[in-house]
Amino acid sequence: MKFVAQRPVTIHSVRNDTRWFPFVFRHTDGSLLLYIECGYDAHFSPFFRLRSTDNGKTWIQDPVVNVPRVSTAHSFKNGELFEIDTYGVLSSKEKDTYLFYGAWSHPGKPNDVVKKDFIKVYAPSFRPVCLETYQKHPSYPTYPWWDLFNLATGKKEAQSSDVFLGGAYFTSIIEPQDNILLALGYWYLKKDPENWKYAVGCFESNDRGKTWFEKSIVAYDPNLPEGYDEATLVQLKDGRLYTVMRTGGYLYHAWSQDSGKTWQKPEQLKLIDSDIMPGKVWPVCRKLEDGALVLVYGRPGKHIIFDPSGTGTEWQGHFDLHNWELETQKFMGVPENLRLRGDTGNKCIRYWDSGDYLALAIIGAREMLVFYDVQNFVENWNSYPVSGVRMVKLSLD
């Protein structure tokens with residue numbers, strides 16, 4: 001069994017703007033929802049959404065933006081889509097409670113009213129961080145977030161010193177039981193205030209995402225480069241929960257046998273047929289119809305692997321999507337000096353090459369689509385450089 005890939009295609013591009021970090025979900029109505037950052041690689045950059053109703057053959061841009069910067073989303077069986085924003089703000093009225101923007105909508109029914117409300121996340125293990133900290137970075141919140149800041153702080157015109165961010169940065173949501181949602185998110189722990197290393201927490205909601213309660217700390221290790229942060233979550237065919245997490249170095253994975261109450265100690269994810277060590281960012285795991293698993297990850301490069309056992313213990317079949325893209329550019333007549341360069345010498349050059357965050361959607365029993373951004377990208381011998389999103393269709397044969 002191995003991956004067979006078609007040639008990548010550009011599904012969206014611009015010349016005088018930037019496009020970053022796509023992530024995708026298959027909605028319950030069969031459509032694909034692809035989120036793309038349309039600002040610089042920085043906090044508080046907004047997102048927009050593309051939608052496809054024909055498994056990625058054509059795409060249209062949705063005119064609505066339900067929350068300023070979608071962190072993750074979940075599709076319910078009745079066709080309702082839940083979206084949660086990236087940033088939570090500490091409430092001045094409820095201890096250890098963070099408020100987020102949230103929205104419930106039906107993407108296939110554009111005339112339906114979108115329900116927007118504030119989401120509460122109870123996260124007693126995580127520590128708040130003052131908004132002033134973010135002024136040290138080339139980013140600052142724009143208008144959409146200030147209503148949230150004012151509400152959370154109880155002030156008419158909150159200042160940055162009044163606002164404390166936290167809760168969790170949600171990266172994955174599943175529905176293991178009807179109307180019971182489980183999510184993974186990462187942030188800084190209270191118990192280790194001197195360390196700026198992330199921990200991954202598991203959260204549960206039983207009201208369709210309106211309120212979330214911290215269920216467990218999945219993983220924390222201050223000795224890792226970043227701790228544990230970006231995490232993907234799936235329910236295995238035997239009912240266990242499985243996560244793969246970013247650490248700033250190699251990828252680690254862990255299992256839970258009790259619906260996320262406790263987790264086995266994370267271990268480094270390794271391949272059984274190669275000495276390749278998977279890392280470094282944004283792992284995304286999806287389950288195929290027969291229970292087999294597929295995982296994408298990036299930086300440096302763009303990679304996809306699979307586990308036919310569906311247990312998370314038999315990862316194999318590594319396919320190098322970056323080299324496949326280089327072969328495609330060569331085939332299209334792009335001069336070598338204008339092709340994607342990748343991460344050279346461990347110095348990240350994503351600002352003029354690729355963010356190497358991969359999105360994965362399953363579209364058939366053994367078919368899938370993978371998406372990634374490209375910067376200053378030249379598609380053929382006669383094209384101009386663009387910032388955009390590329391898509392490649394693969395099958396597992």
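Located above this text is the structure these notes cover.
Description of the structure in this document.

## So, the overall build of the protein
Here's step 1: In terms of helices and strands, the protein carries two helices and 28 strands.
Here's step 2: Relative to its length of 397 residues, the protein is compact, with a C-alpha radius of gyration of 20 Å against a globular reference of 21 Å.
Here's step 3: By principal-axis analysis of the C-alpha atoms, the protein measures approximately 60 × 45 × 45 Å.
Here's step 4: Taking all 397 residues of the protein together, the buried fraction comes to 57%.
Here's step 5: For the protein, long-range pairs separated by at least 24 residues make up 54% of all intrachain contacts whose partners lie at least 6 apart in sequence.
Here's step 6: Between the averaged position of the 45 positive side-chain charges in the protein and that of its 48 negative side-chain charges there is a distance of 1 Å.

## Here we look at the sheet that holds strand β24 (residues 302-307)
Working definition: the strands of a sheet are paired by backbone hydrogen bonds and lie parallel or antiparallel to each other.
Here's step 1: Taken in spatial order, the four strands make up an open sheet running β22-β23-β24-β25, and their pairing is antiparallel. Bordering the open sheet on either side are β22 (281-287) and β25 (316-320), each of which pairs with just one other strand. Across the sheet, the mean angle from the axis of one strand to that of its neighbour is 15 degrees, orientation sign disregarded.
Here's step 2: Across three bridges, β24 lies against β25 in antiparallel orientation. Of the residues in β25, the one forming a bridge with histidine 303 is aspartate 320.
Here's step 3: Across the face of the sheet, helix α2 (residues 321-331) comes into contact with β24 and β25 while running at roughly 40 degrees to β25.

## Thoughts on the environment of arginine 390
Here's step 1: Checked against the element boundaries, arginine 390 lands in strand β28 (residues 386-396).
Here's step 2: Measuring from C-alpha to C-alpha, the distance between arginine 390 and aspartate 178 comes to 35 Å, with 212 residues separating the pair along the chain.
Here's step 3: Residues in contact with arginine 390, not counting those within four places in the same chain, are Pro8, Val9, Thr10, Glu325, Thr328, Val370, Phe371, Tyr372, Val374, Phe377 and Glu379.
Here's step 4: Within the structure, the side chain of arginine 390 is placed 2.7 Å from the side chain of glutamate 325, a separation counted as a polar contact.
Here's step 5: Within the local environment of arginine 390, its side chain forms a polar contact with the side chain of glutamate 379, the two groups lying 3.3 Å apart.

## Structural notes on the side chain of arginine 350
Here's step 1: Tracing the backbone through its elements, the reader meets arginine 350 in the loop between α2 and β26 (359-362).
Here's step 2: Here arginine 350 falls in the buried class, since its relative accessible area comes to 16%.
Here's step 3: The contacts of arginine 350, once residues within four sequence positions are left out, are Trp20, Asp41, Arg299, Gly355 and Gln375.

## Examining the sheet that holds strand β3 (residues 20-26)
Here's step 1: Reading across the sheet, the four strands line up as β3-β4-β5-β6 and stay open at both edges, with antiparallel pairing between neighbours. Of all the strands in the sheet, just β3 and β6 (60-61) have a single pairing partner and so form its edges.
Here's step 2: Alignment of β3 against strand β4 (residues 32-37), held across five bridges, turns out to be antiparallel. When the sheet's bridge partners are listed, valine 24 is paired in β4 with leucine 34.

## Considerations on the pairing of strand β5 (residues 47-52)
Here's step 1: With respect to burial, β5 is a largely interior element, six of its six residues being buried.
Here's step 2: Across the two faces of β5 the burial is the same, with Phe47, Arg49 and Arg51 and Phe48, Leu50 and Ser52 all buried.
Here's step 3: In terms of strand pairing, β4 meets β5 through six bridges, oriented antiparallel. By the bridge assignment, leucine 33 is partnered in β5 with arginine 51.
Here's step 4: Of the strand pairs in this sheet, β5 and β6 are connected by two bridges, and their pairing is antiparallel. Following the sheet pairing, leucine 50 is matched in β6 by glutamine 61.

## Focus on α2
Here's step 1: Taken as a whole, α2 has its buried residues at Leu321, His322, Trp324, Glu325, Thr328 and Gln329. Looking straight down α2, one finds its buried side chains confined to an arc of 160 degrees; they lie on one side. Facing away from the buried surface of α2 by more than 90 degrees, the exposed residues are Lys330 and Phe331.
Here's step 2: Trailing α2 by a residue or two, glycine 333 shows a phi angle of about 85 degrees, which is positive.

Scoring rules and cut-offs
Residues numbered from 1 in each chain as written. Predicted model: local features only at pLDDT ≥ 70, side-chain atom pairs only at ≥ 80, totals over all residues. Heavy atoms only, no water. Helix = DSSP H or I, 4+ residues; strand = E, 2+ residues; numbered from the N terminus. Rg over C-alpha atoms; globule rule 2.2 N^0.38 Å. Buried < 20%, exposed > 50% of the residue type's maximum accessible area, 1.4 Å probe, protein only. Contact = heavy atoms within 4.5 Å. Lys, Arg positive; Asp, Glu negative; His and termini not counted. Charge placed at Lys NZ, Arg CZ, Asp CG, Glu CD. Pairing = 2+ DSSP bridges. Axes fitted to C-alpha atoms, helices over the stretch in contact; angles between N-to-C directions. Polar contact = N/O pair within 3.5 Å; in protein donor to acceptor, adjacent residues only side chain to side chain. Arc of directions from axis to C-beta.

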